[in-house]
Amino acid sequence: MLVDTLSSDSALPVVVTTGEPAGIGPELMLMLAAQGILPAGTVAIGDPDMLRQRAAALGLSVTVIECSPGEYPSGTHGLPVWPVALNEPATPGVLNPANADYVLATLALAVDACQKGQAAAMVTAPLHKGVIIEGGHPAFTGHTEWLRDACGVDEVVMMLATDTALHAASPSWQGSGDLRVALVTTHLPLRNVADAITFERVTRISRLLAADLQRQFGIAKPRIAVCGLNPHAGEDGHLGREELDVIIPALDALRAEGMDILGPLPADTLFTPRHLAGVDAVLAMYHDQGLAVLKYAGFGQAANITLGLPLVRTSVDHGTALDLAGKGVADPGSLNVAIALARRLAARRLSAEI
Ligand SMILES: NC(=O)C1=CN([C@@H]2O[C@H](COP(=O)(O)OP(=O)(O)OC[C@H]3O[C@@H](n4cnc5c(N)ncnc54)[C@H](O)[C@@H]3O)[C@@H](O)[C@H]2O)C=CC1
Ligand SMILES: NCC(=O)COP(=O)(O)O
């Protein structure tokens, strides 16, 4: 289970940014609302007219209820929305850089609401990084780094996790257990990854991961298994020196601090049941090393959690799926998991006062 099963008893809503307006985010939110499975106390952030048009086009019976930011109507049926106006009309599947600022404004509203105590947590539907960059934000690399800066913290960690407790009831679930995968590097070109694997970075990310597994997930002494960077974890230096020069010294330093760390292990066999037994999280060196396995294990049934933030943020395990947008065929499973997880993490923070 991702966290212990606390029900959210916060009176505050969980806010969900509906993401790239040309992508599947808006319709996933509408699908959950139409299916009647959105928990009470969930508020969408986005353009209400766009959401109404998207619902009508897909034949989804959802009443979009526009509320002032910070307000939440109790006891109503429908989808409460805190409005942010699109800059230009959006067409499913067609990116428009003119709406980049709209997407960022939805994020800013969600952060503001969490910081002001108007929301218990934020969940993000997918945005399109490329169109945000083209829309005038050349340094943009993703929600994770944007939230780090918006919250004024030095470092955050991207972790994706499957949750058997949430999807055990799903007939499509084929997985055998929970898997949590955190990343040392996130959105970097592959050719830059090796240089970014430094002693400081490995130790900083590992400490943050362990601290948030304790704080947010209630794991008293987390066991973390760490991937090598190179094939066969470098084969004693014959297939790359990053393990010998950087990763092993970093892990030795962490062990000396009392952390329960395994590795570095060859990444191809680390993700097998024997090596994963008793492990609370895997730390992968780069994006596709860890996330390909996570998505094989539970795509559509997993969530992304940003560790190290002063607020709760979860997200989906997928992107904008422009190829599916506007067709009503995308799977809302991960958004459902992300909302449920945000509620549980928020409830845990509330009860533990963390
Ligand atoms: N949380 C976020 O905001 C994320 C944003 N992205 C962004 O999304 C954009 C597209 O990225 P891609 O790598 O193409 O990944 P993608 O996840 O959008 O699409 C990859 C494949 O998965 C399918 N897919 C995705 N979500 C699905 C769903 N809910 N149901 C059924 N099929 C689904 C798509 O149709 C496509 O075939 C990029 O700009 C990327 O940076 C990617 C991942 C997370
Ligand atoms: N592959 C995960 C991903 O791209 C999530 O990015 P972010 O926008 O949540 O930082």
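It should be emphasised that the depicted structure is a prediction, and the values quoted were computed from it without experimental measurement.

The next point concerns the pattern of salt bridges. Between side chains of opposite charge, a pair can form as their charged atoms come close. For the structure shown, the criterion picks out 11 salt bridges. Glu66 serves as the salt-bridge partner of Arg52, at 3.9 Å between the closest nitrogen and oxygen. Here Arg52, found in helix α2 (residues 48–58), pairs with Glu66, found in strand β3 (residues 64–66); they are 14 residues apart in sequence, far enough to count as distant. For Glu66, a relative accessible area of 48% puts it in the partly exposed group. Note that Asp149 is salt-bridged to Arg148, the shortest N-O span being 3.0 Å. Judged by relative accessible area, Asp149 falls into the exposed class, the value being 52%. Three or more residues joined by partner-sharing salt bridges are found here, namely Asp49, Arg52 and Glu66.

This next bit is on unusual backbone geometry. Where the residue is not glycine, phi is negative for most of them; where a peptide bond is considered, it is trans in most cases. Put simply, Gly263 and Pro264 share a cis peptide bond, and its omega is 5°. Topologically, Pro264 is positioned in strand β9 (residues 260–265). For Asp236, which is not glycine, the phi dihedral falls at a positive 55°. Judged by relative accessible area, Asp236 falls into the exposed class, the value being 70%.

The full set of residues close to ligand 2 is Lys129, Gly142, His143, Thr144, Met158, His187, His287, Leu291, Asn304 and Arg313. Here His143 contributes a side-chain N or O atom positioned 2.8 Å from an oxygen atom of ligand 2. In this structure, an oxygen atom belonging to ligand 2 sits 2.9 Å away from a side-chain N or O atom of Arg313. Elements supplying a minimum of two residues to the shell around ligand 2: α5 (143–151) and α12 (287–298). Considered class by class, the residues forming the shell around ligand 2 number two nonpolar, six polar and two charged.

As a further point, take the domain arrangement of the chain. What the domain assignment reports for the chain is domain 1 (1–153 + 311–354) and domain 2 (173–298). Its C-alpha centre places domain 1 at a distance of 29 Å from the equivalent point of domain 2. Approximately 1,100 Å² of surface area, both sides summed, lies buried where domain 1 meets domain 2, with 44% of it carried by carbon and sulfur atoms. Across the domain 1-domain 2 interface, the total number found is zero salt bridges. Linking domain 1 with domain 2 are five residue pairs in polar contact (both at pLDDT 80 or more), by the criterion used here. Counting residues per element, the side of domain 1 that touches domain 2 draws most heavily on helix α13 (residues 333–352), at three residues. The residue inventory of the side of domain 1 that touches domain 2, partitioned by class, reads six nonpolar, two polar and five charged.

For the rest of this paragraph, the subject is the side chain of Thr42. Relative to the elements of secondary structure, Thr42 occurs in strand β2 (residues 42–46). Among the polar contacts listed, one links the side chain of Thr42 to the backbone oxygen of Pro39, at a separation of 2.6 Å. Not counting residues within four places of it along the chain, the set of residues in contact with Thr42 comprises Val14, Val16, Met29, Tyr72, Pro80 and Ile339.

Rules used throughout
For every chain, the first residue of the written sequence is number 1, and numbering continues from 1 along that sequence. Chains and ligands are labelled by the order in which they are written, letters from A for the one and numbers from 1 for the other. Where totals are concerned, whole chains, interfaces and linings use all residues; where local detail is concerned, this predicted model gives features only for residues with pLDDT of at least 70, and gives and counts side-chain atom pairs only at 80 or more. Hydrogens and waters are ignored; side-chain quantities use all the structure's heavy atoms. What makes a salt bridge here is a side-chain nitrogen of Lys or Arg within 4 Å of a carboxyl oxygen of Asp or Glu, nothing more. Where helices and strands are cited, they refer to DSSP runs of H or I of at least four residues and of E of at least two residues respectively, numbered from the N terminus. Only protein chains enter the accessibility calculation, which uses a 1.4 Å probe; a residue whose area is less than 20% of its type maximum is buried, one above 50% is exposed, and one in between is partly exposed. Nearness here has a simple test: a residue counts as near a molecule or strand if at least one of its heavy atoms is within 4 Å of that partner. Pairing of N or O atoms within 3.5 Å defines a polar contact, subject to two protein rules: one partner must be a possible hydrogen donor and the other a possible acceptor, and residues neighboring in sequence count only if both atoms are side-chain atoms. Only Asp, Glu, Lys and Arg are considered charged in this grouping, and only Ala, Val, Leu, Ile, Met, Phe, Trp, Tyr, Cys and Pro are considered nonpolar; every other residue, Gly among them, is considered polar. Each domain's extent was defined by an automatic or database domain assignment. In this description, buried area is defined as the sum, over both parts, of the accessible area (probe of 1.4 Å) that is lost when the two are combined. Pairs of residues are marked as contacts when any of their non-hydrogen atoms sit within 4.5 Å.

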